[in-house]
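Residue strings, one per chain:
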Amino acid sequence: MEKQMVFLDLDGTLLNEEKAIPESNKKAVRLLQEKGIHTVIATGRTPEQFAEIREELNIHSYVSINGQYVVFEGEVIYANPIDSYVLHDITNMAKSNGHAVAYCNHEAIKVSEKDHPFIKTSFDELKMAYPSVDREFYKTAEIYQGHLYCDSQDVQLYKERFAEFNFVRWDEFAADILPKGSSKALGIQKLLEAAGVKQENSYAFGDGLNDLEMLTLVGTGIAMGNAVLEAKAVADFVTDSNLSGGILKSLIHLGLIEPDESCKAKTCCGRCREKSRQDLLKAVHFI
């Protein structure tokens, strides 16, 4: 059988609203791994922000920082730092406008301002502590992504001035700063090549604006039921929400997992197979 690979976004996809992994998703990952199917995390987060998740799920490959830092089986295969001069200019503009910036690399996130309300709101929603302040972090370390903290209408100011960058919103008051051409999709391409997996044998689950390129690149892109409309529009189909077993149901639908495999009984009674069919009829919507 040809190699297959499944990419899983974190927030709004693999994780619930409390930033924990539902049991159905733990089961889905375990069953994929038992069948020898590569399971990969694809996220906008930095590696240190999901180290415990990787350990819990026994996952050693990931596309992190929106494709800017990619690891295959524990080895870094791609890293694309941002020019520090651009970060300097963005930082100065943000400071003059009362906004804030974060600097992200594979080891840490530092922010430009102390006690900024937009930073606090965004990290509170992630259930994470306020990052430490280091306004010159970009001068001493390689940075793979920035965050811009401002009102949604103000992002346009930065898009016009820094046309070579994308500002991808992930929160009401926060947007990722990425070089144009960079995305989870680029990181996935690097990883597929390293693993020797054909594009048509790849699958991805996502829910956000930073998942659009990923969902269109892979062989089969699946949007969660709770996904933004833009993600649902580009996906091959829409499954149930991250709170209702959408990942497991779709894997059964795709034939990557058999309904019987998700049954805890040693001898399957057949009820799970019929229930899976009924769930899929309700949850999966082709577009």
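See the structure above.
Keep in mind that this is a model prediction, so the values were computed, not measured.

1. A word on the overall build of the protein
Right, so step 1: A tally of helices and strands in the protein yields twelve helices and 15 strands.
Right, so step 2: Taking 287 residues into account, the globule formula puts the C-alpha radius of gyration at 19 Å, and the protein, at 19 Å, falls close to it.
Right, so step 3: For the protein, buried positions account for 54% of its 287 residues.
Right, so step 4: At a minimum sequence separation of 6, the contacts of the protein that also span at least 24 residues come to 57%.
Right, so step 5: Surface summary for the protein: the accessible area is close to 13100 Å², and the carbon and sulfur share equals 48%.
Right, so step 6: Side chains of the protein give 31 positive and 43 negative charges; the mean places of these two sets differ by 5 Å.

2. Points about the pairing of strand E4 (residues 69-72)
Right, so step 1: Of the two faces of E4, the one lined by Tyr69 and Val71 and the one lined by Val70 and Phe72 are each fully buried.
Right, so step 2: Connecting the antiparallel pair strand E3 (residues 62-64) and E4 is a turn made up of four residues, with Ile65 showing a positive phi of about 50°.
Right, so step 3: Following E4, the chain reverses through two residues before pairing antiparallel with strand E5 (residues 75-79); Glu73 in that reversal takes a positive phi of roughly 50°.

3. With respect to helix H2 (residues 23-34)
Right, so step 1: Counted at 1.5 Å a residue, the expected span for H2 with its twelve residues is 16 Å, and the 16 Å between its end C-alpha atoms agrees.
Right, so step 2: Of the residues making up H2, those classed as buried are Asn25, Lys27, Ala28, Val29, Leu31 and Leu32.
Right, so step 3: Where H2 is buried, its residues touch strand E1 (5-8), helix H1 (10-14), strand E2 (38-42), helix H3 (51-57) and helix H11 (246-254).
Right, so step 4: Gly36 occupies a position one or two residues after H2 and carries a positive phi of about 80°.

4. Focus: the sheet that holds strand E11 (residues 174-179)
Right, so step 1: The strand order across the open sheet formed by six strands is E8-E7-E6-E9-E11-E10, and the pairing between neighbours is mixed. Taken across any chain shown, the strands that pair with only one partner, and hence form the sheet edges, are strand E8 (132-133) and strand E10 (165-171).
Right, so step 2: Across five bridges, strand E6 (residues 100-104) lies against strand E9 (residues 145-149) in antiparallel orientation. Its bridge partner being in E9, Cys104 is matched across the sheet by Gln145.

5. Re the pattern of salt bridges
Right, so step 1: Tallied over the full model, the rule gives 13 salt bridges.
Right, so step 2: With a shortest N-O distance of 3.0 Å, Lys19 and Asp11 are connected by a salt bridge.
Right, so step 3: Between Lys95 and Glu113 there is a salt bridge, and its shortest N-O distance comes to 3.4 Å. Here the residue Lys95 occupies a position in helix H4 (residues 84-96), and Glu113 occupies one in the loop between strand E7 (109-111) and helix H5 (117-125), the gap between them amounting to 18 residues.
Right, so step 4: A single salt-bridge network, built from bridges that share partners, covers Asp9, Lys184 and Asp211.

6. Some remarks on the side chain of Asp207
Right, so step 1: Its place among the elements puts Asp207 in the loop between strand E12 (202-206) and helix H9 (212-217).
Right, so step 2: Buried and unpaired, Asp207 has no salt bridge, with Lys184 as the nearest side chain of opposite charge at 6.6 Å.

7. Some remarks on the packing of aromatic side chains
Right, so step 1: Evaluation of the coordinates by the stated rule reveals five aromatic pairs.
Right, so step 2: Aromatic side chains Phe118 and Phe173 sit 4.3 Å apart centroid to centroid with 5° between the ring planes, which places their arrangement in the stacked category. Of the two residues, Phe118 is situated in helix H5 and Phe173 in the loop between E10 and E11; the sequence distance between them amounts to 55 residues.
Right, so step 3: A ring pair is formed by Tyr158 and Phe167, whose centres lie 6.2 Å apart and whose planes are at 50°; its orientation type is tilted.
Right, so step 4: The class for Tyr158 is buried, based on a relative accessible area of 0%.
Right, so step 5: The class for Phe167 is buried, based on a relative accessible area of 6%.
Right, so step 6: Here Arg54 stacks its cationic end above the ring of Phe50, 4.9 Å away from the centre of that ring.
Right, so step 7: The ring of Phe137 carries Lys110 above its face, with NZ or CZ at 5.9 Å from the centroid.

8. Section: unusual backbone geometry
Right, so step 1: The phi torsion at Asn66 lies on the positive side, around 55°, for a residue other than glycine.
Right, so step 2: For Asn66, the location among the structural elements is in the loop between E3 and E4.
Right, so step 3: Residue classification places Asn66 among the buried positions, given a relative accessible area of 1%.
Right, so step 4: We note that Glu73 has phi near 50°; this positive angle belongs to a residue other than glycine.

9. Let's talk about the pairing of E10
Right, so step 1: The pairing of E10 with E11 spans six bridges and is classified as antiparallel. Note on E11: the bridge partner recorded for Asp171 is Ala174.
Right, so step 2: A loop of two residues connects E10 with E11, the two strands running antiparallel in sequence.

10. Some thoughts on H4
Right, so step 1: The end-to-end C-alpha distance of H4 is 18 Å, a good match for the 18 Å that 13 residues give at a rise of 1.5 Å each.
Right, so step 2: Of all the residues in H4, the buried ones are Val86, Leu87, Ile90, Thr91, Met93 and Ala94. The arc enclosing the buried residues of H4, seen along the axis, measures out at 165°, which places them on a common side. With respect to the buried face of H4, the exposed residues turned more than 90 degrees away are Tyr85, Lys95 and Ser96.
Right, so step 3: Of the surrounding elements, those touching the buried residues of H4 are E6, helix H6 (137-140), E9, helix H7 (155-161), E10 and E11.
Right, so step 4: Here H4 starts with a cap whose side-chain oxygen sits 2.8 Å from the backbone nitrogen of Tyr85, and that cap is Asp83.

Calculation criteria
- Residues numbered from 1 in each chain as written.
- Predicted model: local features only at pLDDT ≥ 70, side-chain atom pairs only at ≥ 80, totals over all residues.
- Heavy atoms only, no water.
- Helix = DSSP H or I, 4+ residues; strand = E, 2+ residues; numbered from the N terminus.
- Rg over C-alpha atoms; globule rule 2.2 N^0.38 Å.
- Buried < 20%, exposed > 50% of the residue type's maximum accessible area, 1.4 Å probe, protein only.
- Contact = heavy atoms within 4.5 Å.
- Areas by Shrake-Rupley, 256 points an atom, 1.4 Å probe, with all protein chains shown as cover.
- Lys, Arg positive; Asp, Glu negative; His and termini not counted.
- Charge placed at Lys NZ, Arg CZ, Asp CG, Glu CD.
- Pairing = 2+ DSSP bridges.
- Expected span 1.5 Å × (residues − 1).
- Salt bridge = Lys/Arg side-chain N within 4 Å of Asp/Glu carboxyl O.
- Phe/Tyr/Trp six-rings, centres within 6.5 Å; stacked < 30°, edge-to-face > 60°.
- Lys NZ or Arg CZ within 6 Å of the ring centre and 35° of its normal.
- Arc of directions from axis to C-beta.
- Polar contact = N/O pair within 3.5 Å; in protein donor to acceptor, adjacent residues only side chain to side chain.

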